[in-house]
Amino acid sequence: MPRLSEVIAALDTLWPPERAEGWDAVGTVCGEPDQEITRVLFAVDPVREIVDEAVKLGANLLVTHHPLYLRGTTTVAADTFKGRVVHTLIKNDIALHVAHTNADRADPGVSDALAGALDLRVVRPLVPDPTDPEGRRGLGRVCELDHPLTVRELAARAAGRLPATAQGIRVAGDPEAVVRTVAVSGGSGDSLFDDVRAAGVDAFLTADLRHHPVSEARAHSPLALLDAAHWATEWPWCELAAAQLDEISDRKGWGLRVHVSKTVTDPWTAHAASTETPNAMGAPN
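Residues numbered from 1 in each chain as written. Predicted model: local features only at pLDDT ≥ 70, side-chain atom pairs only at ≥ 80, totals over all residues. Heavy atoms only, no water.

Relative to the helices and strands, Gly189 is located in the loop between strand 8 (178-188) and helix 7 (193-199). With near-sequence residues (within four places) excluded, Gly189 lies in contact with Phe204, Thr206, Ala207 and Leu209. (Helix = DSSP H or I, 4+ residues; strand = E, 2+ residues; numbered from the N terminus. Contact = heavy atoms within 4.5 Å.)

Below, the structure is given as structure tokens:
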């Protein structure tokens, strides 16, 4: 059985921590370097439900996309939400490792997994990593469809291929406009509008789109915007990452059992549709 330090070294070859954004908090949160690892669980969020799942599964290592502590803290007291997570992990000999923006920038990375889930052909990064001479790493991906779809059809494909959430897929733009090229970015993507416009694509699929950036983006161009749930756009990476670790385990003869959590940790739990079709004739009195 490999030790934690060996598994982490392998994960760091996939997602080098030095490629994370300066504000990010990636790497190992807790875990004994000499601990033997037999079972690994991948998930998006290091929340209590996922930690409890890791305990029930008998995992020795939990790998999440989102950090547990993105900002500094002065306590891991068990009467705090995050402190309880730490206590549960340590009591059950479960290590926690985070790959966040270093996984976003990777080749393949979070947006490659998102594109794959939607059957899109990746052409290039949306925001190339200047340190990659091959031009394959970076944030987001510019993609092509196998055949043209309307915005409505692309939204339906996304709704059908991504994990189901209360939000579903929101659309800004003409639902009948034809889409041949799409930019995708797993997670929050409205900071990338300038890059998306420069890419000249027909549509942009991401998450966490806000009112004012969307309004301004629509005023600049006919670009169609598809807004999915943050968790749903990043969950496909868990399957990709698990497959990558499986391959390493097979090559090294580790015999790891690698799992992907299907627990929905999107914070939104319900959706009530408007009773009338949206129009531009004015809000109700």
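On to the sheet that holds strand 5 (residues 121-128), then. Spatially, six strands are ordered 5-6-8-9-10-7 in an open sheet, and the strand pairing comes out mixed. Two strands in the sheet have a free side with no partner beyond their single neighbour: strand 5 and strand 7 (170-172). Strand after strand, the sheet turns through a mean of 25° between neighbouring axes, direction not considered. Two strands pair when backbone bridges link them, and strand 7 and strand 10 (residues 224-228) are joined in this way by three bridges, in the antiparallel orientation. Residue pairing across strands places Ala172 opposite Leu225, the latter belonging to strand 10. Across the sheet, helix 5 (residues 110-117) is in contact with strand 5, strand 6 (138-150), strand 8 and strand 9 (203-207); its angle to strand 8 comes to roughly 135°. In the packing of helix 6 (residues 151-161) onto the sheet, contacts are made with strand 6, strand 7, strand 8, strand 9 and strand 10, and the angle to strand 6 comes to roughly 120°. (Pairing = 2+ DSSP bridges. Axes fitted to C-alpha atoms, helices over the stretch in contact; angles between N-to-C directions.)

A few words on the packing of aromatic side chains. The tally for this structure, following the rule as stated, stands at three aromatic pairs. Each ring, one from Phe193 and one from Phe204, has its centre 6.0 Å from the other, and the planes form 75°; the classification is edge-to-face. Of this pair, Phe193 sits in helix 7 while Phe204 is found in strand 9, placing the two residues eleven residues apart along the sequence. The pair formed by Phe193 and Phe204 is uniform in burial state, with each residue classed as buried. An aromatic cluster of at least three residues, connected via ring pairs, comprises Trp15, Phe42 and Trp237. (Phe/Tyr/Trp six-rings, centres within 6.5 Å; stacked < 30°, edge-to-face > 60°. Buried < 20%, exposed > 50% of the residue type's maximum accessible area, 1.4 Å probe, protein only.)

Treat this as a map of the structure, not an account of what it does.
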